[in-house]
Amino acid sequence: MESRNVMPVLSQPVRAKSLLRANLERPSVVLRSRMPNIKVFSGTSHPDLAQRIVDRLGIDLGKVVTKKFSNLETCVEIGESVRGEDVYIVQSGSGEVNDNLMEMLIMINACKIASASRVTAVIPCFPYARQDKKDKTAGDGKPVVEPVLKNNDWKFRSRAPISAKLVANMLSVAGADHIITMDLHASQIQGFFDIPVDNLYAEPAVLKWIKENIAEWRNSIIVSPDAGGAKRVTSIADRLNVEFALIHKERKKANEVASMVLVGDVKDRVAILVDDMADTCGTICHAAEKLLEAGATRVYAILTHGIFSGPAISRINNACFEAVVVTNTIPQDGHMKDCPRIQCIDVSMMFAEAVRRTHNGESVSYLFSNVPY
């Protein structure tokens, strides 16, 4: 009788312990295997790029209605459920930058408070990226061109904003969990965020275009229009196994046109100017003239973000470029109609692959050196 009483007492704790372990482990297995569905929404800044991305992914673009009230306030209505979904919002910092930025913030917040599992902001051209540090400025807001600050110029520099950091804070507060962008003007902008930032590079697509469209690329030289882009051109030159050069701008007095000094030999070579963005195109047009004077046979310009504001188009039409090549991080249809020299590289496949890999929890580093076909 004693043995019969002892056996159940010994077996009961073992069974309870095993049941408890099974109940604790089962939910974790379910969570690990669950992957939320994906939804991609487009802002009004670049719907064509967003459509190309979803076509590549084989899904439909999410329904969203964007409108403005009579006082120009932006109103966004998400037209479908995003509860538990992995949401991606495509909005580029181009055109009416301030309106587009506000629209993106409202869309992020709308998805977040609608219980989206994760919200990723896909920003091909990051707005306010050039305001990443306190620049030397004069009292009228114009840049101080003297190499050394004099008198009380340091006081003006202390009042300059770091607007890129402000944009980073706004995106985080709106509810963004992740940022995907391309060719940040300054890589330290990634450090402005407390959330993950994937900074893709246009370099693989640029290398592919050079090899396919410039027959004499083996006799070319990669040129940076300013000293700040030296790292970018050396990387491209190394992968093409060609030489590189850079142009140093010297400023002596305020409001005086900068003199350019070419560092490198471009004689009898195809010169390829490479930069991350071009706004009014004054620098690259002067650089092209300098390269032809130094003996370059032909001059190409390859830019990631072709903003082309103000007199940019007329300057390119009057310049000596064989072609000005840009990516479609910013809409280029209107620019290409006004200037036949502008050609466009499609980078939608890189953003689509970044979205797919992020959604599936895969590494994105493959895209830093390869173009997904």
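Presented here is a report on the structure given in the accompanying data block. (Residues numbered from 1 in each chain as written. Predicted model: local features only at pLDDT ≥ 70, side-chain atom pairs only at ≥ 80, totals over all residues. Heavy atoms only, no water.)

**Describing unusual backbone geometry**
Link 1 in the chain: The phi dihedral of Asn241 falls on the positive side, at around 60 degrees, and the residue is not glycine.
Link 2 in the chain: Here Asn241 is to be found in the loop between α7 (230–240) and β9 (243–250).
Link 3 in the chain: The backbone of Cys281 shows a phi angle near 70 degrees, a positive value even though the residue is not glycine.
Link 4 in the chain: The class of Cys281 is buried, set by a relative accessible area of 4%. (Helix = DSSP H or I, 4+ residues; strand = E, 2+ residues; numbered from the N terminus. Buried < 20%, exposed > 50% of the residue type's maximum accessible area, 1.4 Å probe, protein only.)

**Examining the pairing of strand β8 (residues 220–224)**
Link 1 in the chain: Most of β8 sits inside the fold, with 5 of its 5 residues counted as buried.
Link 2 in the chain: Side-chain alternation along β8 places Ser220, Ile222 and Ser224 on one buried face and Ile221 and Val223 on a second face that is also buried.
Link 3 in the chain: By the bridge criterion, 4 bridges tie β8 to strand β11 (residues 270–278) in an arrangement that is parallel. Bridge pairing in β11 links Val223 to Leu273. (Pairing = 2+ DSSP bridges.)

**Brief notes about the nonpolar core**
Link 1 in the chain: The biggest cluster of nonpolar side chains holds 43 residues, and the ones touching the most others in it are Ile210 and Ile222.
Link 2 in the chain: If one sorts the elements of this core by residue count, helix α11 (residues 348–359) sits on top with 6 residues.
Link 3 in the chain: Split by domain, the residues of this core number at least three in each of domain 1 (38–200) and domain 2 (203–345).
Link 4 in the chain: Apart from the residues lying within four places of it in its own chain, the contact partners of Ile222 are Val233, Ile236, Ala237, Leu240, Val242, Glu243, Phe244, Ala245, Ile272 and Val274.
Link 5 in the chain: Residues Ala116, Phe126, Ala129 and Ala164 belong to the second largest nonpolar core, which totals 31 residues. (Core = buried A, V, L, I, M, F, W, Y, C linked by side-chain atoms within 4.5 Å. Domains from an automatic or database assignment. Contact = heavy atoms within 4.5 Å.)

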